[in-house]
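So the chains spell out like this:
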Amino acid sequence: MKLYKKNITFLLSGKGSNLLRILKQNLIKEKFNTHSIISNNYLSQDIKNLIRLNKLDLKIYENISSISLKMLEGTDVIFSIGYMKIITKKIINNYDVINLHPSLLPKYKGLMTQKRMLINNEKYYGFTIHSVSPLLDSGQIIYQKENKIKKNDELLLNSDHKKLEHQYVFKELVKYLN
């Protein structure tokens, strides 16, 4: 039985639907410690309420323009989930950093992945969890999950994509940590 639970720092920029899902699942399964949440925006009220109601002991950094190594002290793994900024080489070189990317890498690195998939008439969409390297979305692939695109509709594709991530990301994070 594993006694040590790794300390995870989550990086995000958006609403945090994946983070909320991960935190809820971890409340039940207790697979890791959430060390901190760092966002270059403000956290959603849903995430703040979950933390407050469950008395989660973690550090929160909101509306942060840059991440310092001091913020990360005590972190074992950094998981970027919807973080829309480049992670510095100093952080990459000092920490185990992984990223959730909304395409089947190596295709569609960067932004606007669903829109580009539809423009190019792709048949499948999916996500990739990969190690972060100094080159954008170019680190070693840890896990990928794909599904068939139902129709050329960006809103539907975005919704289907989130559902796919919500179904698999926590499980794959836990596998990675073990």
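Data block above holds the structure.
Keep in mind that what you see is a predicted model, and the values were worked out from it rather than measured.

Side note on unusual backbone geometry
Next, step 1: Of note, the amide linkage connecting Leu105 to Pro106 takes the cis form, showing an omega dihedral of 15°.
Next, step 2: Its location among the elements puts Pro106 in the loop between strand 5 (96-101) and helix 5 (113-119).
Next, step 3: If you check the backbone angles, Asn63 has positive phi at about 55° while not being a glycine.
Next, step 4: Mapped onto the secondary structure, Asn63 falls in the loop between strand 3 (59-61) and helix 3 (69-72).
Next, step 5: Despite not being glycine, Asn121 shows a phi value in the positive range, around 55°.
Next, step 6: Take Asn121: it is sitting in the loop between helix 5 and strand 6 (124-131).
Next, step 7: For Asn121, a relative accessible area of 54% gives the class exposed.

What about the packing of helix 1 (residues 17-29) against helix 6 (residues 154-177)?
Next, step 1: Interaxial distance between helix 1 and helix 6 falls to 9 Å at its minimum, and their mutual angle equals 45°. Here helix 1 is positioned oblique relative to helix 6, judged by the angle of their axes. Here helix 1 and helix 6 pass one another in a crossing that is right-handed. Taking contact as the criterion, the partners of Ser17, Asn18, Arg21, Ile22, Gln25, Asn26 and Lys29 in helix 1 are, on helix 6, Lys162, Glu165, His166, Val169, Phe170 and Leu173.
Next, step 2: Residues belonging to the contact of helix 1 with helix 6 are distributed by class as follows: four nonpolar, five polar and four charged.

As for the pairing of strand 1 (residues 7-12)
Next, step 1: Judged by how many residues are buried, strand 1 sits mostly within the fold: six of six residues are covered.
Next, step 2: Along strand 1, one buried face is formed by Asn7, Thr9 and Leu11 and the opposite face, lined by Ile8, Phe10 and Leu12, is buried too.
Next, step 3: Bridge count between strand 1 and strand 2 (residues 33-39): six bridges; the pairing is parallel. Each bridged residue has a counterpart across the sheet, and for Leu12 the counterpart in strand 2 is Ser39.
Next, step 4: Handedness of the strand 1-helix 1-strand 2 crossover: right-handed.
Next, step 5: For strand 1 and strand 4 (residues 77-81), the ladder comprises four bridges, and the chain directions are parallel. For Thr9, the partnering residue across the bridge sits in strand 4 and is Ile78.

The rules behind each value
- Residue positions are given per chain, counting from 1 as you read along its sequence in written order.
- In keeping with the model being predicted, local features are shown solely for residues with a pLDDT of at least 70 and side-chain atom pairs are shown and tallied solely at 80 or more, while totals for entire chains, interfaces and linings include all residues.
- Side-chain calculation: all heavy atoms of the structure are included, whereas hydrogens and water are not.
- Numbering of helices and strands runs from the N terminus; a helix is a DSSP stretch of H or I covering at least four residues, while a strand is a stretch of E covering at least two.
- Think of it in three bands: residues with accessible area under 20% of the maximum for their type are buried, residues over 50% are exposed, and the middle band is partly exposed, with areas taken using a 1.4 Å probe on protein chains only.
- Lines fitted to the C-alpha atoms define the axes, with helices restricted to the stretch that makes contact. Angles between their N-to-C directions range from 0 to 180 degrees.
- Each angle gets one of four labels, with under 35 degrees taken as roughly parallel, over 145 as roughly antiparallel, 65 to 115 as roughly perpendicular, and the rest as oblique.
- We call a crossing left-handed when the near helix sits turned anticlockwise from the far one by less than a right angle, and right-handed when that turn is clockwise.
- When checking whether two residues touch, look at their non-hydrogen atoms; a contact exists if any pair is within 4.5 Å.
- Three categories are distinguished: nonpolar for Ala, Val, Leu, Ile, Met, Phe, Trp, Tyr, Cys and Pro, charged for Asp, Glu, Lys and Arg, and polar for the others, with Gly belonging to the last.
- Two strands make a pair as long as DSSP finds a minimum of two bridges between them.
- By convention, orient the strands away from the viewer: a clockwise path from the first strand over the helix to the second makes the crossover right-handed.

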